[in-house]
Amino acid sequence: MKISFAKAALPAEGALVVGILENRELSATAQQIDRQTGGLISRALAASRFEGKKDQALLLVMPAGLDVSRLLLAGLGKVADIDAQAAQNFGGNALAQLLTAGDQLVTIAVDEFPGSSLSAADFAANAACGAKLRSYRFDKYRTKEKKEDKPSVKKLTVSLADSAAAKRAFAPFESVIDGVFLTRDLVSEPANVIYPESLAREAKALAEIGVDVEILGEKQMKKLGMGALLAVGQGSEKESHLVVLRWNGATDDAEAPVAFIGKGVTFDSGGISIKPAGGMEEMKWDMGGSAVVIGLLKALALRKAKVNAVGVVGLVENMPSGTAQRPGDVVTSLSGQTIEVINTDAEGRLVLADALWYAQDRFKPRVMVDLATLTGAIIVALGDHYAGLFSNDDDLATRLQAAGKQVAEPLWRMPLDEPYDKLIKSDIADMKNVGGREGGSITAAMFLKRFVKDTKWAHLDIAGVAWAKKDGPVTPKGATAFGVRLLDRLIADNYEQK
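The sections below set out a description of the structure shown in this document. (Residues numbered from 1 in each chain as written. Predicted model: local features only at pLDDT ≥ 70, side-chain atom pairs only at ≥ 80, totals over all residues. Heavy atoms only, no water.)

Let us now look at the environment of Ala-353. Mapped onto the elements, Ala-353 comes out in helix H10 (residues 348-363). Look at Ala-353 and you get buried, because its relative accessible area is 0%. As a C-alpha pair, Ala-353 and Gln-337 span 16 residues in sequence and 9.8 Å in three-dimensional space. With sequence-adjacent residues up to four places away left out, Ala-353 is seen in contact with Phe-447, Leu-448 and Phe-451. (Helix = DSSP H or I, 4+ residues; strand = E, 2+ residues; numbered from the N terminus. Buried < 20%, exposed > 50% of the residue type's maximum accessible area, 1.4 Å probe, protein only. Contact = heavy atoms within 4.5 Å.)

Written as structure tokens, this is what we have:
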């Protein structure tokens, strides 16, 4: 879907979206239309329960007195509550109402809203961003689909007085949206298409936009001593890989980077501790953390972010076979610490253990954030709205939560206290990879903490938010790419050179 910005004017075709404030307060454009049509909007509001509350919508087909085929009245809520996220939700919800309606052109009319924290240009840019995010579809494998089920919208025009300012404000969003869409694509692909080698190739393609990409195979990792990561993939016919992505956008090439580490289990059967059959097909997205890191690096490169950033993703497939690791095995990690594998379905932390150690040992980052669809326990604790945040640094945790709030990717901080660490004590090794059912997401984070030195570090457990089971304002059902916009905002607000 193409996005454009134009001078304020009523369109001569397609569908038109007009915002209505709470308590049915008409915007300037809505007032103009009401006068032009002899009170069409006023009559429609009087005959409906639409009151202009946020997320409300009222669709009028073939409105008399207008050249458009559809007029969508979209609720804005209270003017004091109109912020960037409200504008994005407005754009996303509006597009969702019209995406398959039949029109190829949609126009969103934007006015100034006195009392709002956003200018018309910023509102327009955010509305366009929300609509673009909501337009995502993964349909490459659909060969038979009814015409009425296919998106009809080809172009979205946002009209306002200062269209040039809106176009400038939208430009930074485009790069981040490209990163989000890459992540959604990777997570949506089935495991017979995305496996360690093919995912590494997808990451390698970022070299075309200036990202330095290095791929380590099993021989190299074995030589380094990555026994924990390699143990996870030893039951699969697919070779494991470690991919290192570097974006050097800071003026000083020697400036310590910000590092992002992603869990990339391209399919998680559970290994010998095999998962139940029901829902196992969803385990194609157990590489969600690695996809977020790859999408983030694409976004940073496309927008020429003035920061040095490193991404490290461990890519494995966890399969049961005669060569798979067994419950009770002891493996030696890159750090030299030994791990008793109690449950082979607690494999992501083994991958991250070596990836975390490698990232901090080689790159000496100023901060380090890992992302992983790590535990079902975090879903029990937080559901599908918040991701779990664990950190050894209060300032980093605060910055992450602030960034998440700005882009509606909220984080809830969880404890990292000593009593939980005792739960992963092993009788025969330095630690075991699970600590029982109680506090499962916390003991998983405590496990990771043992592979963090003095680096400021945060762990994001995104198991509950990486995949949406229903549509959201800017996220269609399926892969969400939760984390790409959050981490881009973290960098822009805290680590990028001004």
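This part covers the sheet that holds strand S17 (residues 431-432). Taken in spatial order, the three strands of this open sheet run S12-S13-S17, and their pairing is mixed. The open sheet is flanked by strand S12 (330-332) and S17, the only strands paired with a single partner. Direction of pairing for strand S13 (residues 338-340) relative to S17: parallel, over a ladder of two bridges. Note that in S17 the partner of Glu-340 across the bridge is Lys-432. (Pairing = 2+ DSSP bridges.)

A word on the packing of aromatic side chains. The full count for this structure, using the stated rule, is nine aromatic pairs. Judged by centre distance (5.4 Å) and plane angle (55°), the ring pair of Phe-90 and Phe-123 falls under tilted. Remark: Phe-123 occurs in helix H4 (residues 120-134) and Phe-90 occurs in helix H3 (residues 84-98); sequence separation between them is 33 residues. Here Phe-90 matches Phe-123 in class, with each residue buried. Ring centres 5.3 Å apart and planes at 45° place the aromatic pair Phe-447 and Phe-451 in the tilted group. An aromatic cluster of at least three residues, connected via ring pairs, comprises Phe-5, Phe-170 and Phe-173. If you follow Lys-238 out to its NZ or CZ, it ends over the ring of Tyr-195, 4.0 Å from the centre. It is Lys-453 that lies over the ring of Trp-357; its NZ or CZ is 4.6 Å from the centre. (Phe/Tyr/Trp six-rings, centres within 6.5 Å; stacked < 30°, edge-to-face > 60°. Lys NZ or Arg CZ within 6 Å of the ring centre and 35° of its normal.)

Glancing now at the pattern of salt bridges. Per the counting criterion, the structure on display carries 23 salt bridges. Notably, a salt bridge pairs Glu-496 with Arg-303, separated by 3.0 Å at the nearest N-O pair. Taken together, the positions of Glu-496 in the segment after helix H15 (484-494) and Arg-303 in the loop between helix H9 (288-302) and strand S11 (308-318) put the pair 193 residues apart, joining distant regions of the chain. Among the ionic pairs, Lys-453 bridges to Asp-361, the shortest N-O distance being 2.9 Å. (Salt bridge = Lys/Arg side-chain N within 4 Å of Asp/Glu carboxyl O.)

This paragraph deals with empty space enclosed by the protein. Under the counting rule described, the total for this entry stands at one cavity of 30 Å³ or more. Roughly 30 Å³ of volume is contained in the largest cavity. As for the largest cavity, its lining consists of Thr-183, Val-187, Gly-288, Val-292, Ile-462, Ala-466, Thr-480, Ala-481 and Phe-482. (1 Å grid on protein atoms, 1.4 Å probe; cavity = no way out; pocket = protein on both sides within 12 Å on 5 of 7 lines; lining within 4 Å. Points joined across faces, edges and corners; volume = space filled by probe spheres on them.)

Keep in mind these numbers describe shape, not what the thing actually does.
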